[in-house]
There are 2 protein chains.
Amino acid sequence: MASSQGKDPGRVRLSDVAAVAGVSLSTASKALNDGERISEETVARVREAAERLDFQPNALARSFALGRSRTIGVLTHRAASTFAGPVLIGVVLELGTLQQASLVYDENLLVHREITSSIRELRARHIDGLIVVGDGHEHVSPSMSHLFTVPVTYVFAATDRAEDITYLPDNEMAGRLATRHLIERGRTRIAHITSDPESLAVRLRARGMQHELDEAGLQLVGPVRYGTWFQNWGVEAMTELLDSGADVDAVFCGNDHLALGALQVCEARGLRVPDDIAIVGVDNWEGIILDQGVRRLTTVDLRLQMLGRTAAADVIATNRVPGEHLVEPVLVPGPSS
Amino acid sequence: MASSQGKDPGRVRLSDVAAVAGVSLSTASKALNDGERISEETVARVREAAERLDFQPNALARSFALGRSRTIGVLTHRAASTFAGPVLIGVVLELGTLQQASLVYDENLLVHREITSSIRELRARHIDGLIVVGDGHEHVSPSMSHLFTVPVTYVFAATDRAEDITYLPDNEMAGRLATRHLIERGRTRIAHITSDPESLAVRLRARGMQHELDEAGLQLVGPVRYGTWFQNWGVEAMTELLDSGADVDAVFCGNDHLALGALQVCEARGLRVPDDIAIVGVDNWEGIILDQGVRRLTTVDLRLQMLGRTAAADVIATNRVPGEHLVEPVLVPGPSS
DNA sequence: CTGAAAGCGCTTACAG
DNA sequence: CTGAAAGCGCTTACAG
């Protein structure tokens, strides 16, 4: 006798369906799948039998026969980090919706083993595709696409190969949305407080802002105040800005920490926000507070979970388009602007 | 001819290994797996051949033969929520480490389909186990264990069946850790600001606090101030507390929002924190700020990601223990206490 | 349009 | 200790 572990006595097999429908196994299979070159009547009879018996095809047998695992490999770097976390959640939730399992390899694993070893394992598992989750696009990741015969999609990561399919948040659009929002509300004297220009996100957000100002024929209340991503820089830069006596009615901050710092300075000085001065940040990191019904900041949400979902849908799709794809952020209005 | 999709011409099969080792297919299989009733010499020869050919067993064929998918079903409710998110990340990362794929079903799906339909799909996939991710243990989830023949583990959820295996954060210990920390630092006049006593987490944290006070022979600077989880209640309650003229040198707040509100009031009144008054919260929700090197609060971290990892390891384990299991929180010291 | 048969690549009960 | 053979439950090229 052969293995009995694979057996599941209570389970309905396709052969049972075929018997009930009075057709052969192969006809039953074709009727349930492509349905091509099978008479409508037969298809109906087989489907009915399958329905009546509550037939669920054994996914293991199907995968084996087809050589497709309905499993997607997911390679991450520090997946638990603040920004990569939502991306990973989006990836696994969307894959689940698409009936695909996720086989996740975290970097912890990769440093201990050879990278080639984990790739071999991924191949042994016959994954149908691979998603590489980065940690923003500050660092360019080396392309791994040539190591796989299955589709590879990069998300929250840039690669060194132009034909790779990458998904990134649209940081330039984030700058545009924030600035447009302020302009639409009648602000004309807008300043910018942000982090280090070494960061690509900083440069892109600033560029988006500049585009909108140009289109509106406005001048930045300059210079751009570059510093760090931390709240205390927001405090310091806002203090400097106000002390400089600049005529300013709005500030676009590169992230929400800076915006909170700026808000704090304005409140301490008795300036009304947004009446005297409007403030917009980026990240919507107040998620936890928003959950609880309190929101202080206007901000731009980069939709990181949607970014993960989009990449997951892509790796399964048949019409994949090479190159860089940007996911649109959304403006989340709040009382500060 | 049969299906050719399953073929992968470049791939080494077990039969190749057997041929190179000069043994039969069955002997090769046994040598590589159990190794029982096979001579050491043969085992060595087969292993060597496998090594040399870089043999990776086809996981699809293996799963099919054994009836085990190396895939774990994961059922979530609002997985993207603030607290369930880290639990889910812990689950999928740990499963990945254990070479298990994750097949995630989010509630969005479940409301549209019959729950029985998703269970049938999970069964058709021959999952080796199921993890149910809840959203805290405020609501008791109905047990689903009887619907599956594979191991079911609940995490961040309580069920209505005592034999179910559940993993929860230890909220009582969170209250103890916070209070013990304050007592060890010489505080003797400790108050408690927290949310609604309807919440089990509120009651457990308060109970843990009371235990520690009792053991130290201290009295709570009462009454417990029950309210909401929001920062403005922290502000209000702290204001009341100070206005009441109570002699207080520390406050344990039920979460970090309340602690931030309390901190704000103290700072506004010129009280030095922690010199005049020490404050401890719960949640370590400043994660994002911590990433950036700034920390204001002392807090208790419930280790939600570790909670997810622990549950994931459990569902695979052979020695599973029925009942409720608690994951220990850790105190994260900061300048506020 | 339909069906008999081979095949996907393993595991294991059984005979030797 | 070893090997020939059956079996896991599907899919599909081929013949009819």
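Residues numbered from 1 in each chain as written. Chains lettered and ligands numbered in written order. Predicted model: local features only at pLDDT ≥ 70, side-chain atom pairs only at ≥ 80, totals over all residues. Heavy atoms only, no water.

Draft legend 1. Inspection of the interface of chain B and chain A at higher detail. Taken together, the contacts link 61 residues of chain B with 61 residues of chain A. Approximately 5400 Å² of surface area, both sides summed, lies buried where chain B meets chain A, with 59% of it carried by carbon and sulfur atoms. Seen at the junction of chain B and chain A, the total is two salt bridges. The partner of A:R120 in a salt bridge is B:D54, and the shortest N-O contact between them spans 2.9 Å. At the junction of chain B with chain A, the criterion picks out 21 residue pairs in polar contact (both at pLDDT 80 or more). Taken together, the residues that form the side of chain B that touches chain A break down as 25 nonpolar, 23 polar and 13 charged. (Contact = heavy atoms within 4.5 Å. Buried area = accessible area lost by both parts, 1.4 Å probe. Salt bridge = Lys/Arg side-chain N within 4 Å of Asp/Glu carboxyl O. Polar contact = N/O pair within 3.5 Å; in protein donor to acceptor, adjacent residues only side chain to side chain. Nonpolar A, V, L, I, M, F, W, Y, C, P; charged D, E, K, R; others polar.)

Draft legend 2. Molecular detail of the domain arrangement of chain A. In terms of domains, chain A is made up of domain 1 (14–66), domain 2 (71–169 + 304–328) and domain 3 (171–301). On a C-alpha basis, the centroid separation for the pair domain 1 of chain A and domain 2 of chain A is 35 Å. (Domains from an automatic or database assignment.)

Draft legend 3. Just the sheet that holds strand β11 (residues 278–282) of chain B, in detail. Residues and elements named next belong to chain B. With mixed pairing, the six strands of this open sheet are ordered in space as β9-β8-β10-β11-β12-β14. On the outer flanks of this sheet lie β9 (225–226) and β14 (330–332), each paired with one strand and no other. Taken together, the three bridges between strand β12 (residues 298–301) and β14 define a ladder with antiparallel strand orientation. Paired with D301 across the strands is V330, a residue of β14. Taken strand by strand, helix α9 (residues 200–216) contacts β8 (190–194), β9, β10 (250–253) and β11, and its axis lies near 175° from that of β8. (Pairing = 2+ DSSP bridges. Helix = DSSP H or I, 4+ residues; strand = E, 2+ residues; numbered from the N terminus. Axes fitted to C-alpha atoms, helices over the stretch in contact; angles between N-to-C directions.)

Draft legend 4. Just the relation of the copies chain B and chain A, in detail. Superposition record for chain B on chain A: RMSD 0.2 Å, screw rotation 180°, translation along axis 0.0 Å. The transformation just described matches what one would write down for a two-fold rotation axis. For chain B, the smallest separation between a C-alpha atom and the rotation axis is recorded for B:S102, amounting to 2.5 Å. (Least-squares fit on C-alpha atoms with pLDDT ≥ 70 in both.)

Draft legend 5. Fine view of the confidence of the model for chain A. Averaged over every residue, the pLDDT of chain A is 90; the share at 70 or more is 92%. For residues 1–6 of chain A, every residue scores under 50 in pLDDT, and the model assigns this stretch six contacts once sequence neighbours within four places are set aside. (pLDDT = per-residue confidence, 0-100.)

Draft legend 6. Fine view of the pairing of strand β12 (residues 298–301) of chain A. All names here are of chain A. Alternating residues of β12 divide into T298 and V300 and T299 and D301, and every residue in both groups is buried. In this sheet, β12 lies alongside strand β11 (residues 278–282) in parallel orientation, the contact comprising three bridges. Each residue of the ladder has a partner; that of G281, found in β12, is T299. (Buried < 20%, exposed > 50% of the residue type's maximum accessible area, 1.4 Å probe, protein only.)

Draft legend 7. Local environment of the environment of A:G254. Residues and elements named next belong to chain A. Considering the arrangement of structural elements, one finds G254 in the loop between β10 (250–253) and α11 (256–268). The exposure class assigned to G254 is buried, which follows from its relative accessible area of 0%. Separated by 60 residues in sequence, G254 and T194 have C-alpha atoms that sit 4.4 Å apart.

Draft legend 8. Up close: the packing of aromatic side chains. For the structure shown, the criterion picks out two aromatic pairs over all chains. Judged by centre distance (5.2 Å) and plane angle (25°), the rings of A:F64 and B:F64 are stacked. A residue pair is termed interchain when its members come from two chains, as with A:F64 in helix α4 (residues 59–66) and B:F64 in helix α4 (residues 59–66). Judged by relative accessible area, which is 36%, A:F64 ranks as partly exposed. (Phe/Tyr/Trp six-rings, centres within 6.5 Å; stacked < 30°, edge-to-face > 60°.)

Draft legend 9. Structural context of empty space enclosed by the protein. Counting across every chain of the model gives one cavity of 30 Å³ or more. Taken as a whole, the largest cavity encloses approximately 180 Å³ of empty space. As for the largest cavity, its lining consists of 13 residues, of which A:L60, A:S69, B:L60, B:S69 and B:T71 are closest to the centre. Those elements that provide at least two residues to the lining of the largest cavity are α4 of chain A together with α4 of chain B. Of the residues in the lining of the largest cavity, the class split is four nonpolar, six polar and three charged. (1 Å grid on protein atoms, 1.4 Å probe; cavity = no way out; pocket = protein on both sides within 12 Å on 5 of 7 lines; lining within 4 Å. Points joined across faces, edges and corners; volume = space filled by probe spheres on them.)

Draft legend 10. A look at the sheet that holds strand β8 (residues 190–194) of chain A. Residue and element names in this part refer to chain A. Here six strands make up an open sheet; going across it, the order is β9-β8-β10-β11-β12-β14 and the pairing mixed. The sheet is open, and its two borders are formed by β9 (225–226) and β14 (330–332), each paired with just one other strand. The strands touched by α11 within the sheet are β8, β10, β11 and β12, with β11 carrying the most contacts at an inclination of about 160°.

Draft legend 11. Inspection of the nonpolar core at higher detail. Core analysis: the largest hydrophobic core is formed by 79 residues, its most contacted members being A:I131, A:V155, B:I131 and B:V155. The contacts of A:V155, once residues within four sequence positions are left out, are A:V87, A:I131, A:V132, A:V133, A:G134, A:Y167, A:L307, A:G308 and A:A311. In terms of nonpolar packing, the next biggest core, distinct from the first, is built from 44 residues, A:C253, A:V265, A:L297 and B:V248 among them. (Core = buried A, V, L, I, M, F, W, Y, C linked by side-chain atoms within 4.5 Å.)

Draft legend 12. Region of interest: helix α1 (residues 14–21) of chain A. All names here are of chain A. Buried within α1 are the following residues: L14, V17, A18 and A21. Burial along α1 is one-sided: seen end-on, the buried residues are contained in an arc of 100°. Against α2 (25–32) and α3 (40–53) lie the buried residues of α1. Backbone geometry just downstream of α1 places G22 in the positive-phi region, at approximately 70°. (Arc of directions from axis to C-beta.)

Draft legend 13. Here's a closer look at the pattern of salt bridges. Applying the stated rule across the entire model yields 36 salt bridges over all chains. Linking B:R309 and B:E94 is a salt bridge whose minimum nitrogen-to-oxygen distance equals 2.8 Å. Of the two residues, B:R309 is situated in helix α13 (residues 304–316) and B:E94 in helix α5 (residues 84–97); the sequence distance between them amounts to 215 residues. For the pair formed by B:R309 and B:E94, the shared burial category is buried. Residues B:E172 and B:R207 are paired through a salt bridge, measuring 3.5 Å at the closest nitrogen-oxygen approach. Placement of B:E172 in helix α8 (residues 171–184) and of B:R207 in helix α9 is noted, with a sequence separation of 35 residues between them. Taken together, the salt bridges that share partners define one network made up of A:R176, A:R180, A:E212 and A:E215.

Draft legend 14. Geometry of the state of the cysteines. Overall, the coordinates contain zero disulfides over all chains when judged by the stated rule. Lacking any disulfide linkage, A:C266 is separated from the closest cysteine sulfur, that of A:C253, by 8.8 Å. (Disulfide = S-S within 2.5 Å.)

Draft legend 15. Main features of unusual backbone geometry. Cis geometry is adopted by the peptide bond preceding A:P274, which originates at A:V273 and carries an omega value of 10°. Position of A:P274 among the secondary structure elements: in the loop between α11 and β11. The omega torsion across B:G222 and B:P223 is -5°, close enough to zero to call that bond cis. Among the secondary structure elements, B:P223 is positioned in the loop between α9 and β9. Phi at A:F156 is positive, roughly 60°, even though this residue is not glycine. With a relative accessible area of 7%, A:F156 lands in the buried category. In this model, B:H126 sits at a positive phi of 55°, which is unusual for a non-glycine residue. Tracing the backbone shows B:H126 in the loop between α7 (115–124) and β3 (129–133). On the basis of relative accessible area, B:H126 is assigned to the buried category, the value being 10%.

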